[in-house]
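Observations on chain architecture
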Amino acid sequence: MSDAAAETAAEFYKGKVVKLVVGYGAGGGYDTYARLLAPHLEAQLGATVIVENRPGGGGNLALNRLMTAKADGLTLMLINGRASTVSQLVGTEGVRFDLTRLTVLGRVTSEPRVIVFSAASPYRSLADAQATAEVIKWGAAGRTDSLASVAAMASTALDLNSEIIMGYKGSKEAGLAAIRGEVDALVLSESSAAKYAKGGMVIPIAVFGRERSEILPDLPTVFEVASFGDNAAWWVDYTEQLTKIGRIFVSTPDVPEDRTGFLRQAVQAVLEDPQIVSDMAAQRRPIRAETAEVVEQYISGSLAALDEVTLARVRSVVLEEYFPD
């Protein structure tokens, strides 16, 4: 972006009101991130940033509306990039958005997924779970959320006899279900896994990916404690690619090029500021920034890289195979 274009965009935003939409209710993780980062975005943009909650459909309803909002760069959204990608990939009912058309501004954070077992379950290792003839029950909210879709892919990769129990309102309620022994297993973000493990009520087993957790550095990856064939390993690698999309800032399709560049610069300036990163970490809201260009590669790779046979298999695993009739 040229200096002249940057100046033009800066003048456009000065004194404007920018909506930062969150597709979930107030008080949750996405809402907290948005409200903590909004003042810093204001400082970078020279605009007033107002956080607006539009819950419904796991964030999909707000994302549908973003697709048709005015393409002026004044409406931003903080989304669950992984869950939104899975929803689009498997054709979730009611999804009318196309992530490849949205204006990606940058990633706020991404956390590896950790398999945990309830302390009330009989399982203490992946070998225990692979050897049992009993059904392993996993907790989740809906079919395409991270709790369910990662559990389904993990069960496929590890050849587990699994059943996914839906209806829990996010990881907090699912975590309590594991503590009570209602479910045997969960797939949580590393921070949630660390939090629930403190009381010994759930037991972190392995990171579902190739990279170890920063928060739980002594926890092995599944590749360190289980054997995989090429096909099984693909499920782990594909899940890890989806996970790396993370929580991302986006805007409408077709934002003018100069404003897109200005927004991306503003977002990166906030997310790469050492003081902001430190302050967020102190509030247990880690920032692991990534550029818009890299995030776009993760999204396009996740959506466009599957042939018809593989796509049909992913849809079957995510939507059908592990859910009670």
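Going by the structure above, here's the rest.
Summary of the structure given here. Everything quoted here is computed from the prediction, not taken from an experiment. (Residues numbered from 1 in each chain as written. Predicted model: local features only at pLDDT ≥ 70, side-chain atom pairs only at ≥ 80, totals over all residues. Heavy atoms only, no water.)

Next up on the list: the pattern of salt bridges. On inspection of all chains with the given rule, the structure shows 13 salt bridges. Ionic pairing is found between Arg101 and Asp254, a salt bridge with its closest N-O pair at 4.0 Å. One end of the pair, Arg101, is in the loop between α4 (81–90) and β4 (103–109); the other, Asp254, is in the loop between β10 (247–251) and α11 (257–271), with 153 residues separating them in the sequence. For Glu293, the salt bridge identified is with Arg264, shortest N-O distance 3.3 Å. Here Glu293 is found in helix α13 (residues 292–304), whereas its partner Arg264 is found in helix α11, with 29 residues between them in sequence. Judged by its relative accessible area of 18%, Arg264 falls in the buried class. (Salt bridge = Lys/Arg side-chain N within 4 Å of Asp/Glu carboxyl O. Helix = DSSP H or I, 4+ residues; strand = E, 2+ residues; numbered from the N terminus. Buried < 20%, exposed > 50% of the residue type's maximum accessible area, 1.4 Å probe, protein only.)

Moving on: helix α7 (residues 170–180). What α7 keeps buried is the set Ala174, Gly175, Ala177 and Ala178. Across the axial projection of α7, the buried residues extend over an arc of 155 degrees, all falling on one side. Residues of α7 that are exposed and point more than 90 degrees away from the buried face comprise Lys172 and Arg180. Those residues of α7 that are buried lie in contact with β5 (113–118), β6 (136–139), α6 (146–158), β8 (185–189), α8 (190–197) and β9 (202–207). Looking one or two places after α7, you find Gly181, whose phi comes out positive at around 85 degrees. (Arc of directions from axis to C-beta. Contact = heavy atoms within 4.5 Å.)

Tracing the backbone through its elements, the reader meets Ser189 in strand β8. For Ser189, the contacting residues outside a window of four places in its chain are Glu111, Pro112 and Arg113.

Moving on, we get to the sheet that holds strand β3 (residues 75–80). Across the sheet, which stays open at both edges, the five strands sit in the order β2-β1-β3-β10-β4 with mixed pairing between neighbours. The open sheet has two free edges, formed respectively by β2 (48–53) and β4, since each of these has just one partner strand. Put simply, the sheet's adjacent strands are angled 25 degrees from each other on average, direction ignored. On the sheet, α11 packs against β3, β4 and β10 and is oriented at approximately 5 degrees with respect to β4. (Pairing = 2+ DSSP bridges. Axes fitted to C-alpha atoms, helices over the stretch in contact; angles between N-to-C directions.)

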